[in-house]
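As a plain string of letters, each chain reads:
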Amino acid sequence: MRQNLTALIAGAVFGIGLTVSEMINPAKVIGFLDLFGNWDPSLAFTMGGGLIVTAIGYRLVWRRSTPIFSEQYQLPQNTQIDKNLALGAILFGTGWGLAGLCPGPAIAAISIGGIKAMTFVVAMIAGIVIFEFVLGNRRPKTIAA
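Every chain begins its residue count from 1, and numbering advances along the sequence as written. For this predicted model, a pLDDT threshold of at least 70 governs which residues receive local features, and a threshold of 80 or more governs which side-chain atom pairs are given and counted, while totals over whole chains, interfaces and linings are taken from all residues. Values reported for side chains reflect all heavy atoms of the structure, with hydrogen atoms and water molecules removed beforehand.

### A look at the overall build of the protein
- By the criteria applied, helices consist of DSSP H or I runs no shorter than four residues and strands consist of E runs no shorter than two, each listed in order from the N terminus. Each helix and strand counted, the protein has six helices and two strands in total.
- Beginning at the N terminus, the succession of helices and strands in the protein can be written as α-α-α-β-α-α-α-β.
- Remark: exposure states derive from per-residue accessible area (1.4 Å probe, protein chains only) relative to the maximum for the residue type, with buried under 20%, exposed over 50%, and partly exposed in between. Counting all 145 residues of the protein, 19% fall into the buried class.
- Restricting the contact set of the protein to residue pairs at least 6 apart, pairs at least 24 apart contribute 48%.
- Within the structure as shown, the protein displays about 10800 Å² of accessible surface, and the carbon and sulfur contribution to it stands at 71%.
- Neither His nor the chain ends contribute to the count of charged residues, in which Lys and Arg are positive and Asp and Glu negative. For this purpose, a charge sits on NZ of Lys, CZ of Arg, CG of Asp or CD of Glu. Counting 10 positive and 6 negative side-chain charges, the protein places the averaged centre of each group 10 Å from the other. The contact rule is simple, with two residues in contact once any of their heavy atoms fall within 4.5 Å. Accessible surface area values rest on a Shrake-Rupley calculation with a 1.4 Å probe, where residue burial reflects the displayed protein chains alone.

### Section: the pattern of salt bridges
- For this document, the term salt bridge refers to a Lys or Arg side-chain nitrogen within 4 Å of an Asp or Glu carboxyl oxygen. This model, assessed by the stated rule, comprises one salt bridge.
- One salt bridge connects lysine 28 with aspartate 40, and the closest N-O pair in it is separated by 3.1 Å. Taken as a pair, lysine 28 in helix 2 (residues 26-33) and aspartate 40 in the loop between helix 2 and helix 3 (42-61) lie far apart in primary sequence, twelve residues in all. A single burial state applies to lysine 28 and to aspartate 40, both of which are buried.

### Overview of the nonpolar core
- The definition of a nonpolar core used throughout is a set of buried Ala, Val, Leu, Ile, Met, Phe, Trp, Tyr and Cys residues joined through side-chain atoms within 4.5 Å. Core analysis: the biggest nonpolar cluster contains 17 residues, and Leu18, Ile24, Leu43, Leu101, Ala106 and Phe120 have the highest contact counts within it.
- Considering each element in turn, this core owes the most residues, four residues, to helix 6 (residues 115-135).
- Once you skip the residues sitting within four places of it in the chain, leucine 18 turns out to touch Met23, Ile24, Gly104, Pro105 and Ala108.

### Some thoughts on the confidence of the model for the protein
- Summary of the metric used: pLDDT quantifies the predictor's per-residue confidence within the range 0 to 100. Overall, the prediction assigns the protein a mean pLDDT of 83, with 92% of residues at 70 or greater.
- Here strand 2 (residues 142-144) is the element of the protein with the lowest mean pLDDT, 54, and helix 3 is the one with the highest, 90.

### A short note on the packing of aromatic side chains
- Think of it this way: a Phe, Tyr or Trp ring, Trp meaning its six-membered ring, pairs with another when their centres are within 6.5 Å, and the plane angle makes it stacked under 30 degrees, edge-to-face over 60, tilted otherwise. Applying the stated criterion across every chain, the model contains four aromatic pairs.
- Ring centres of phenylalanine 32 and tryptophan 39 lie 6.3 Å apart, and the angle between their planes is 35°; this geometry places the pair in the tilted category.
- Summarising the aromatic geometry, the rings of tryptophan 62 and tyrosine 73 are spaced 4.6 Å apart at their centres and angled 45° between planes, so their arrangement reads as tilted. Separated by eleven residues along the polypeptide, tryptophan 62 in the loop between helix 3 and strand 1 (74-76) and tyrosine 73 in the loop between helix 3 and strand 1 bring together distant segments of the chain.
- Since its relative accessible area comes to 41%, tryptophan 62 is described here as partly exposed.
- One aromatic cluster is present, formed by Tyr58, Trp62 and Tyr73 through successive ring pairs.

### Here's the deal with the packing of helix 2 against helix 3
- Here an axis means a line fitted to C-alpha atoms, over the contact stretch when the element is a helix, while the angle between two N-to-C directions is reported on a 0 to 180 degree scale. Relative orientation of the contacting elements helix 2 and helix 3 amounts to 95°, with a least axis distance of 8 Å. Between helix 2 and helix 3, the interaxial angle falls into the category roughly perpendicular. Residues Lys28, Val29 and Phe32 of helix 2 pack against Ser42, Leu43, Ala44 and Met47 of helix 3.
- Gly counts as polar in this scheme, as do all residues outside two lists: the nonpolar Ala, Val, Leu, Ile, Met, Phe, Trp, Tyr, Cys and Pro, and the charged Asp, Glu, Lys and Arg. A breakdown of the residues in the contact of helix 2 with helix 3 according to their chemical character gives five nonpolar, one polar and one charged. What sets the label is the angle itself: under 35 degrees gives roughly parallel, over 145 gives roughly antiparallel, 65 to 115 gives roughly perpendicular, and the rest give oblique.

### Quick look at the environment of glutamine 80
- If you trace the backbone, glutamine 80 turns up in the loop between strand 1 and helix 4 (83-99).
- For glutamine 80, a relative accessible area of 57% gives the class exposed.
- Linking glutamine 80 and asparagine 4, residues 76 residues apart in sequence, is a C-alpha distance of 31 Å.

### Remarks on a nonpolar patch on the surface
- Patch definition: residues with relative accessible area over 30% and no salt bridge; like charges joined within 9 Å; nonpolar side chains (Val, Leu, Ile, Met, Phe, Trp, Tyr) joined within 5 Å. A surface patch of nonpolar side chains, amounting to about 400 Å² of accessible area, comprises Leu5, Leu8, Ile9 and Val13.
- For isoleucine 9, the location among the structural elements is in helix 1 (residues 2-20).

In structure tokens, the structure reads:
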């Protein structure tokens with residue numbers, strides 16, 4: 001129960017952060033990605049703030065022998081950059097650039113409505129289902145730290 005409550009709170013804080021930083025606004029994101037046009041650098045500060053918080057969080061977390069709400073840390077087993085990772089990054093970046101949305105902000109954007117966010121999330125779920133059907137059994141496993 002504590003683990004689910006913690007996940008709910010973390011997700012809500014993440015969604016609020018996405019909304020406050022306007023990362024759920026495709027025009028804002030596309031403005032950030034438009035390096036040679038009317039570039040909007042404001043999201044760089046959001047990303048920088050996230051990196052600082054993450055760096056501090058990791059330093060605190062790794063001081064513990066086990067997580068607070070789990071029996072063990074879950075880490076990716078595959079740490080190599082391979083073709084699947086590269087292809088996934090290319091698809092993610094292409095989708096982000098074309099739609100101005102990535103998965104977290106798209107889900108948060110559903111709360112304010114709009115067919116674009118809903119269409120994106122439906123397409124994303126379809127992609128996940130197709131991936132699981134075609135390649136799901138070849139996905140890297142996680143190992144305990």
